[in-house]
Amino acid sequence: MAFIERTHCPVCKGSSAHQLLQMPMDSGLVWDFLTTYYAAAISADVLTGMQYILLQCETCQTIWQKQILDDATLNQLYDEWIDPDQSLIRKQKVSPESRSTLARQCAQIATLFTGTDIHVLDFGMGWGDWLKMAVAYGFHADGIETSERRIAYAREHCLNTVIPQDITLERYHFINAEQVFEHLPLPNETLSSCYQWLKPGGVVRISVPDGTHTARKIAAKKWSIAEATTHPLEHINAFTATSLRRMGKDCGFEVIPPPLKLPMVGANLGQIKSFIGVGIRDMMIRFHIGLRTAVWLRKPDKTAR
Ligand SMILES: [Zn+2]
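### Overview of the pattern of salt bridges
Line of reasoning, step 1. Applying the stated criterion across every chain yields a total of ten salt bridges.
Line of reasoning, step 2. The partner of lysine 13 in a salt bridge is glutamate 189, and the shortest N-O contact between them spans 2.8 Å. With lysine 13 in the loop between β1 (3–5) and β2 (17–24) and glutamate 189 in helix α7 (residues 187–197), the pair connects residues that are 176 residues apart, well separated along the chain.
Line of reasoning, step 3. A relative accessible area of 35% means that lysine 13 is categorised as partly exposed.
Line of reasoning, step 4. A salt bridge links lysine 217 to glutamate 227; its shortest N-O distance comes to 3.3 Å. Placement of lysine 217 in helix α8 (residues 214–219) and of glutamate 227 in the loop between α8 and β11 (237–238) is noted, with a sequence separation of ten residues between them.
Line of reasoning, step 5. By relative accessible area, lysine 217 is classed as partly exposed at 29%.

Following this line, the structure appears as structure tokens:
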């Protein structure tokens, strides 16, 4: 058996949840989706007896997949079923606008901390794009990744990788987790580890897909198996803006507004829209108008009080 069952909400640990849907993994709709998505790299034997079950927590509204792959099979998914060569080719085609978004994030981080000795960690670094930008900004940058192929690639490009067991307490000023927490079997425990790794006053930024409308779409029969928020096997937690903040507070963090740094503006319409859109969005969050599933969480600095 290559899967395990989660018995409690992975975000708030609540035990009351209602089932939104259930389907077999190794046949029908889910299986057809998986064989197409992974270009038939996956074997039905691995998923025998496994069910795609979506539950919604009665306490914090997080939606989570009850049955998930065990650690060994998850590694197989990210290192074999997702073709590493194709993944790298896609990554290398990233647009200049996307890279300027990374630059803006690093500029935001630079406004949070004084001094020149800023230590940052990219949790789930992938092919190291964020890490490269952090290095360009002069940060001491480490990355965590489970995929051996991606770790080897990072090292070939002189990027520093670490494993959780080797991280000393209060090592980092900033931790980045871009599209990572939806994949984690134990997101609450992982965020607690981030808390331990951050210096007092340190900040973690988490960005995840928005699951706010998922339950309503399922009830209205407007949901599809291809929706990224509830991707079978991979996106095993679907947060709302509220549940994400709750997890942060449960782990001891305080929510802070994203530092104001406008994106670079260029001459084409896309760049101008981005400039206006990001500016308005960050201002709205600052004034508590609307919440998004990207959140900046600060570890309180008790020595400063
Ligand atoms: Zn919950």
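So much for the structure itself; the text now carries on.
### Digging into the packing of aromatic side chains
Line of reasoning, step 1. Using the criterion set out here, one finds ten aromatic pairs in the structure.
Line of reasoning, step 2. Measuring from centroid to centroid gives 6.3 Å for tyrosine 52 and tryptophan 223, while their planes differ by 20°, and the two rings are stacked. With tyrosine 52 in strand β3 (residues 51–57) and tryptophan 223 in the loop between α8 and β11, this residue pair connects regions lying 171 residues apart in the sequence.
Line of reasoning, step 3. For tyrosine 52, a relative accessible area of 0% gives the class buried.
Line of reasoning, step 4. Clustering of aromatic rings is evident, with ring pairs tying together Phe33, Tyr37, Tyr38 and Trp81.
Line of reasoning, step 5. Here lysine 299 stacks its cationic end above the ring of tyrosine 195, 4.7 Å away from the centre of that ring.

### Observations concerning helix α2 (residues 71–81)
Line of reasoning, step 1. When we look at burial in α2, the residues that qualify are Thr73, Leu74, Leu77, Tyr78 and Trp81. In a view along the axis of α2, the buried residues occupy a sector of 135°, so they form one face of it. Pointing more than 90 degrees away from the buried face of α2 are the exposed residues Asp71, Ala72 and Glu80.
Line of reasoning, step 2. If you follow the buried residues of α2, they end up packed against β5 (67–69) and α6 (148–156).

Cut-offs and rules
- Residues numbered from 1 in each chain as written.
- Predicted model: local features only at pLDDT ≥ 70, side-chain atom pairs only at ≥ 80, totals over all residues.
- Heavy atoms only, no water.
- Salt bridge = Lys/Arg side-chain N within 4 Å of Asp/Glu carboxyl O.
- Helix = DSSP H or I, 4+ residues; strand = E, 2+ residues; numbered from the N terminus.
- Buried < 20%, exposed > 50% of the residue type's maximum accessible area, 1.4 Å probe, protein only.
- Phe/Tyr/Trp six-rings, centres within 6.5 Å; stacked < 30°, edge-to-face > 60°.
- Lys NZ or Arg CZ within 6 Å of the ring centre and 35° of its normal.
- Arc of directions from axis to C-beta.
- Contact = heavy atoms within 4.5 Å.

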